[in-house]
Amino acid sequence: MLLALAAAAIISVLITVGIVAVLVGEGATFFADVPLKEFFTGTEWFPVEGKYGVLPLLNASILIALIAAVVAVPLGLGSAIYLSEYAPERLRRVVKPVLEILAGMPTIVLGFFALDAVTPALRTLIPGLGLYNALAAGIVVGLLITPLISSLSEDAMRAVPNAMREGAFGLGATRRIVSLKVVVPAALSGIVASIVLALSRAIGETMAVTLAAGTVPNLSWNPVDGMQTITAYIVQVSKGEATRGSLQYESIFAVGLLLFVVTLAINIIAVRIVRKYRTVYQ
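These numbers come from a predicted model, not from an experiment.

### What to know about the overall build of the protein
Turning to step 1, where the next piece is worked out: Broken down by element type, the protein carries 12 helices and two strands.
Turning to step 2, where the next piece is worked out: Across the protein, helices and strands are ordered from the amino to the carboxyl terminus as α-α-β-β-α-α-α-α-α-α-α-α-α-α.
Turning to step 3, where the next piece is worked out: Based on the C-alpha atoms only, the size of the protein along its principal axes is roughly 70 × 60 × 35 Å.
Turning to step 4, where the next piece is worked out: Counting only contacts in the protein whose residues sit at least 6 apart along the sequence, the fraction spanning at least 24 positions is 71%.
Turning to step 5, where the next piece is worked out: Per element, the accessible surface of the protein, about 14,700 Å² overall, is 68% carbon and sulfur.
Turning to step 6, where the next piece is worked out: Separation between the mean location of the 19 positive side-chain charges and that of the 16 negative ones in the protein comes to 13 Å.

### Focus on the nonpolar core
One recurring pattern in soluble globular proteins: nonpolar side chains tend to sit buried together.
Turning to step 1, where the next piece is worked out: By size, the foremost hydrophobic cluster in this structure holds 52 residues, and its most contacted members are Phe39, Trp45 and Val255.
Turning to step 2, where the next piece is worked out: Sort the elements by how many residues they give to this core and helix α12 (residues 247-277) lands first, with 11 residues.
Turning to step 3, where the next piece is worked out: Not counting residues within four places of it along the chain, the set of residues in contact with tryptophan 45 comprises Phe39, Lys51, Tyr52, Gly53, Val54, Pro56, Leu57, Pro217, Tyr233, Ser251 and Val255.
Turning to step 4, where the next piece is worked out: Met157, Val160, Val183 and Val184 belong to the second-largest nonpolar core, a separate cluster that totals 13 residues.

### Some words on the packing of helix α7 (residues 162-170) against helix α8 (residues 175-186)
Any two packed helices are characterised by how steeply their axes cross, that is the angle between the axes, and by the distance between the axes.
Turning to step 1, where the next piece is worked out: With their axes 10 Å apart at the nearest point, α7 and α8 run at an angle of 145° to one another. α8 is crossed by α7, and the crossing has right-handed handedness. Of α8, the residues touching α7 (which contributes Met164, Arg165, Ala168 and Phe169) are Arg175, Val178, Val182, Val183 and Ala186.
Turning to step 2, where the next piece is worked out: Counted by class, the contact of α7 with α8 contains seven nonpolar, no polar and two charged residues.

### Topic: the pattern of salt bridges
Turning to step 1, where the next piece is worked out: Applying the stated criterion across every chain yields a total of 10 salt bridges.
Turning to step 2, where the next piece is worked out: Measuring nitrogen to oxygen at the nearest pair gives 3.1 Å for the salt bridge that ties glutamate 89 to arginine 92. Of this pair, glutamate 89 and arginine 92 both sit in helix α4 (residues 89-104), three residues apart, which is roughly one turn of that helix.
Turning to step 3, where the next piece is worked out: Taking the relative accessible area as the measure of exposure, arginine 92 reaches 12% and is therefore buried.
Turning to step 4, where the next piece is worked out: Residue glutamate 89 is joined to arginine 158 by a salt bridge in which the shortest nitrogen-to-oxygen separation is 3.7 Å.

### What about the side chain of serine 150?
Turning to step 1, where the next piece is worked out: With respect to the helices and strands, serine 150 occurs in helix α6 (residues 134-158).
Turning to step 2, where the next piece is worked out: At 2.9 Å, the side chain of serine 150 and the side chain of serine 79 are in polar contact.

### Quick notes on the environment of valine 274
Turning to step 1, where the next piece is worked out: Checked against the element boundaries, valine 274 lands in helix α12.
Turning to step 2, where the next piece is worked out: For valine 274, a relative accessible area of 25% puts it in the partly exposed group.
Turning to step 3, where the next piece is worked out: Along the sequence, valine 274 and isoleucine 101 sit 173 residues apart, while their C-alpha atoms lie 26 Å from each other.
Turning to step 4, where the next piece is worked out: In contact with valine 274, not counting residues within four places along its chain, are Ser189 and Ala193.

### Concerning α6
Turning to step 1, where the next piece is worked out: For α6, built from 25 residues, the straight-helix expectation of 36 Å at 1.5 Å per residue is met to within 8% by its first-to-last C-alpha distance of 35 Å.
Turning to step 2, where the next piece is worked out: Its axis deflected by about 35° at isoleucine 145, α6 carries its strongest bend there, up to four residues before the proline proline 147.
Turning to step 3, where the next piece is worked out: Structurally, the start of α6 carries an N-cap: the backbone nitrogen of leucine 135 is 3.3 Å from a side-chain oxygen of asparagine 133.

### So, the environment of aspartate 155
Turning to step 1, where the next piece is worked out: You can see aspartate 155 is positioned in helix α6.
Turning to step 2, where the next piece is worked out: Owing to a relative accessible area of 39%, aspartate 155 belongs among the partly exposed residues under this scheme.
Turning to step 3, where the next piece is worked out: Put simply, aspartate 155 and valine 98 are 57 residues apart on the chain and 16 Å apart in space, counted from C-alpha to C-alpha.
Turning to step 4, where the next piece is worked out: A polar contact is formed between the side chain of aspartate 155 and the side chain of lysine 96, at a distance of 2.9 Å.

### Notes on α8
Every α-helix carries 3.6 residues per turn, so stepping three or four residues along brings you back to the same face.
Turning to step 1, where the next piece is worked out: Taking 1.5 Å per residue as the helical rise, α8 with its 12 residues ought to reach 16 Å, and the 15 Å between its terminal C-alpha atoms agrees with that figure.
Turning to step 2, where the next piece is worked out: Every buried residue of α8 is listed here: Val178, Ser179, Val182, Val183, Val184 and Ala186.

### Description of the side chain of serine 200
Turning to step 1, where the next piece is worked out: Relative to the helices and strands, serine 200 resides in helix α9 (residues 188-203).
Turning to step 2, where the next piece is worked out: Residue classification places serine 200 among the buried residues on the basis of a relative accessible area of 12%.
Turning to step 3, where the next piece is worked out: In this structure serine 200 touches Thr263, Ile266 and Asn267, once residues within four positions along its chain are discounted.

Calculation criteria
Residues numbered from 1 in each chain as written. Predicted model: local features only at pLDDT ≥ 70, side-chain atom pairs only at ≥ 80, totals over all residues. Heavy atoms only, no water. Helix = DSSP H or I, 4+ residues; strand = E, 2+ residues; numbered from the N terminus. Contact = heavy atoms within 4.5 Å. Areas by Shrake-Rupley, 256 points an atom, 1.4 Å probe, with all protein chains shown as cover. Lys, Arg positive; Asp, Glu negative; His and termini not counted. Charge placed at Lys NZ, Arg CZ, Asp CG, Glu CD. Core = buried A, V, L, I, M, F, W, Y, C linked by side-chain atoms within 4.5 Å. Buried < 20%, exposed > 50% of the residue type's maximum accessible area, 1.4 Å probe, protein only. Axes fitted to C-alpha atoms, helices over the stretch in contact; angles between N-to-C directions. Left-handed = near helix turned anticlockwise from the far one by under 90°. Nonpolar A, V, L, I, M, F, W, Y, C, P; charged D, E, K, R; others polar. Salt bridge = Lys/Arg side-chain N within 4 Å of Asp/Glu carboxyl O. Polar contact = N/O pair within 3.5 Å; in protein donor to acceptor, adjacent residues only side chain to side chain. Expected span 1.5 Å × (residues − 1). Bend = angle between axes of the 7 residues up to and from the residue.

This is the structure we're talking about:
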């Protein structure tokens with residue numbers, strides 16, 4: 001049994017190392033022809049024309065992730081507070097699994113939802129809004145990561161000892177004060193970690209943003225514009241439009257490596273936040 005568990009751990013590590021080795025190896029081939037300065041500072045991404053400035057792709061990924069955070073943080077944190085502090089146990093057992101269904105929903109379904117429902121609704125508020133835009137993509141990605149924030153934050157809040165709640169109630173505090181002034185600060189490390197991990201998930205989202213935001217690289221911070229994320233570009237090239245071994249084909253490994261580094265950095269930040277502000281209750 002012990003050997004099986006050790007083998008599972010070793011295989012997981014080897015798979016991760018293999019993925020990194022492929023990204024670095026193929027990425028090195030790309031960077032042998034494209035200077036790092038051009039890659040990281042260029043403002044145009046048109047591989048057919050030999051323009052490999054990654055800023056439009058990186059900009060779109062970050063912008064959509066930020067919009068998703070604006071949507072998901074209030075919804076996720078609000079639902080977590082309700083489920084942890086207000087909802088009866090019987091209701092919580094029903095609502096939480098239903099909420100988490102969103103996390104298991106195929107992302108391409110959310111992409112179609114953005115095209116058929118979210119964008120038409122936004123057009124009533126923003127006349128002239130195009131079919132493909134970062135705002136709709138950010139909203140559906142926000143809906144996608146809401147269960148992650150809600151579930152992890154609710155777990156962190158329920159880990160806070162009841163003695164802290166009872167002490168606050170004994171001093172005359174209302175339920176709202178106890179929730180916001182006692183429970184949330186006590187569970188802050190878990191809440192922040194859930195938000196950071198959700199942002200990592202948002203940056204790596206693929207099909208929903210491909211359908212909702214479009215496939216045209218555009219260096220813009222205007223959420224009503226169409227744009228292409230890193231993952232959407234990888235999907236576009238992986239469909240067979242580029243010849244294997246060509247510079248355009250190698251570019252997907254370069255942007256994939258960049259995406260890996262960004263998500264790794266976000267996860268490292270999350271781990272450090274948890275370790276710094278973690279409170280252990282006994």
